[in-house]
Amino acid sequence: MLKIEHVRKSYDNFSLDCSMEVKPGCVTGLIGKNGAGKSTTFKAILGLIHIEGGNVTILGKDINEFSAKDRQEVGVVLSDSGFSGYLTVRDVIPVLANLYGTFEKEFFLKQAERFGLPMNKKIMEFSTGMKAKLKVLAAISHKAKLLILDEPTVGLDVVARDELLDLLREFMEGEEGRAILISSHISGDLESLCDDIYMVHEGKIILHEDTDVLLGQYGVIKVNNSQYASLDKQYLLRRIKESFGYRCLTNQKQYYLENYPQIVVENGTVDEVITMMVRGE
């Protein structure tokens, strides 16, 4: 569905060199702290910035050969873009109908009602969460095969976020072979939605793992100095020196549970992995 190979882009204080793949039928997450390269990667994928090297393939076609008709099969939400604030939801409907020959008006209207989006209120008067819902709704209302979503849940409360994630799950179930690339700062979104996760840091992918593996096999080990000295370190990915000793990240949690019953081994989470991979050594 989507493949990028050593896509490179340089700025004065930042360089991107990124490779990743989104497979049919999968939801792939891209995580990393602010400034890590998530939005730059999304813009490179969509041809919104000039890249200095590498290849981008979407739906089997090189991005340079991607036509306007091809783009109708991709739904996009970018964190720093949206509809004019002077429009209403009712105004947006003919815009989408003209842009996409496959626009599903009845579906759009039904979901707008479901999300409580007023039809005749100017978008500039919407809350941040309402604007986020509208952007996602527009992206999924024209029978897209691939969704590219940059921070789609930002500004949503817990209930609204769950509703939106349900909508994305329904999108995946609606037709075989669909796929989603999504970035989010909210780890729970990715843990419950994504099949696999890439982590980008300082413009480079430093981790790629199936979500089930990450949640099931990764763990955080907490040991004092003497315990750390006697610890088998071959399965440690990162360590952070703490006042009590060390906090360590491993992708072989079960090994340490079985061989070191006296030490503390906690389940890994996306947040823990981000923290350990970025701050650890």
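Scroll up for the structure.
Cut-offs applied
Residues numbered from 1 in each chain as written. Predicted model: local features only at pLDDT ≥ 70, side-chain atom pairs only at ≥ 80, totals over all residues. Heavy atoms only, no water. Buried < 20%, exposed > 50% of the residue type's maximum accessible area, 1.4 Å probe, protein only. Helix = DSSP H or I, 4+ residues; strand = E, 2+ residues; numbered from the N terminus. Arc of directions from axis to C-beta. Contact = heavy atoms within 4.5 Å. Pairing = 2+ DSSP bridges. Axes fitted to C-alpha atoms, helices over the stretch in contact; angles between N-to-C directions. Parallel < 35°, antiparallel > 145°, perpendicular 65-115°, else oblique. Nonpolar A, V, L, I, M, F, W, Y, C, P; charged D, E, K, R; others polar. Salt bridge = Lys/Arg side-chain N within 4 Å of Asp/Glu carboxyl O. Phe/Tyr/Trp six-rings, centres within 6.5 Å; stacked < 30°, edge-to-face > 60°. Lys NZ or Arg CZ within 6 Å of the ring centre and 35° of its normal. Left-handed = near helix turned anticlockwise from the far one by under 90°. Polar contact = N/O pair within 3.5 Å; in protein donor to acceptor, adjacent residues only side chain to side chain.

## A short note on helix H4 (residues 105-114)
Buried within H4 we find Phe108, Gln111 and Ala112. Angularly, the buried residues of H4 cover 105° about the axis, an arc narrow enough to put them on a single face. Among the exposed residues of H4, those oriented more than 90 degrees off its buried face are Glu106, Lys110 and Glu113. Looking at the buried residues of H4, the elements they touch are helix H3 (89-99), helix H5 (128-140) and helix H6 (158-174). Downstream of H4 by one or two residues, glycine 116 has phi in the positive range, about 70°.

## Brief notes about the sheet that holds strand S12 (residues 236-241)
Spatially, the four strands line up as an open sheet ordered S12-S13-S11-S14, and their pairing is antiparallel. Because the sheet does not close on itself, it has two edges, and the strands there are S12 and strand S14 (264-267). Strand-to-strand twist across the sheet, computed as the mean angle between neighbouring axes with direction ignored, equals 25°. Two strands pair when backbone bridges link them, and S12 and strand S13 (residues 246-250) are joined in this way by five bridges, in the antiparallel orientation.

## Topic: the packing of H5 against H6
Axis separation between H5 and H6 bottoms out at 11 Å; the angle between their running directions is 5°. Our classification of the angle between H5 and H6 gives roughly parallel. Contact residues: Ala132, Lys133, Val136 and Ile140 in H5; Ala160, Glu163, Leu164, Leu167, Leu168 and Phe171 in H6. Classifying every residue of the contact of H5 with H6 gives eight nonpolar, no polar and two charged.

## Some words on helix H1 (residues 38-45)
In terms of burial, H1 is a largely internal element, six of the eight residues being buried. Glycine 47 lies just past H1 and shows a positive phi near 75°.

## Some details on the environment of leucine 236
With respect to the helices and strands, leucine 236 occurs in strand S12. For leucine 236, a relative accessible area of 17% gives the class buried. Linking leucine 236 and isoleucine 221, residues 15 residues apart in sequence, is a C-alpha distance of 9.2 Å. Leucine 236 has contacts with Ile221, Tyr228, Leu231, Cys248, Leu249, Thr250 and Tyr256, leaving out every residue within four places of it along the chain.

## Considerations on the pattern of salt bridges
By the definition in use, this model includes ten salt bridges. Notably, a salt bridge pairs lysine 145 with glutamate 73, separated by 3.3 Å at the nearest N-O pair. Here the residue lysine 145 occupies a position in the loop between H5 and strand S7 (146-150), and glutamate 73 occupies one in the loop between helix H2 (68-71) and strand S6 (74-77), the gap between them amounting to 72 residues. Overall, the relative accessible area of 34% leaves lysine 145 in the partly exposed class. Judged by relative accessible area, which is 26%, glutamate 73 ranks as partly exposed. Several salt bridges converge on common partners, so that one network encompasses Glu242, Arg247 and Glu272.

## Re the packing of aromatic side chains
Scanning all chains against the criterion turns up five aromatic pairs. Between tyrosine 255 and tyrosine 256 the ring centres are 5.1 Å apart and the planes differ by 90°, which places this aromatic pair in the edge-to-face class. Residue classification places tyrosine 255 among the partly exposed residues on the basis of a relative accessible area of 24%. Site record: aromatic cluster; members linked through ring pairs are Tyr235, Tyr255, Tyr256 and Tyr260. Between the NZ or CZ atom of arginine 178 and the centre of the ring of phenylalanine 171, over which it lies, the distance is 4.4 Å. Lying across the ring of tyrosine 228, lysine 233 places its NZ or CZ 4.6 Å from the centre.

## What about the packing of H4 against H6?
The interhelical angle for the contact between H4 and H6, taken along N-to-C directions, is 155°, at an axis separation of 12 Å. Taken together, the axis directions place H4 and H6 in an arrangement best described as roughly antiparallel. For the pair H4 and H6, the crossing hand works out as right-handed. Contacts between H4 and H6 pair Phe107, Gln111 and Arg114 from the former with Glu163, Asp166, Leu167 and Glu170 from the latter. Among the residues making up the contact of H4 with H6, the classes are represented as two nonpolar, one polar and four charged.

## What about the environment of threonine 41?
Within the fold, threonine 41 resides in helix H1. Apart from residues no more than four positions distant in its own chain, threonine 41 is found in contact with Ile4, Leu16, Cys18, Met20 and Leu30. A polar atom in the side chain of threonine 41 sits 2.7 Å from the backbone oxygen of glycine 37.

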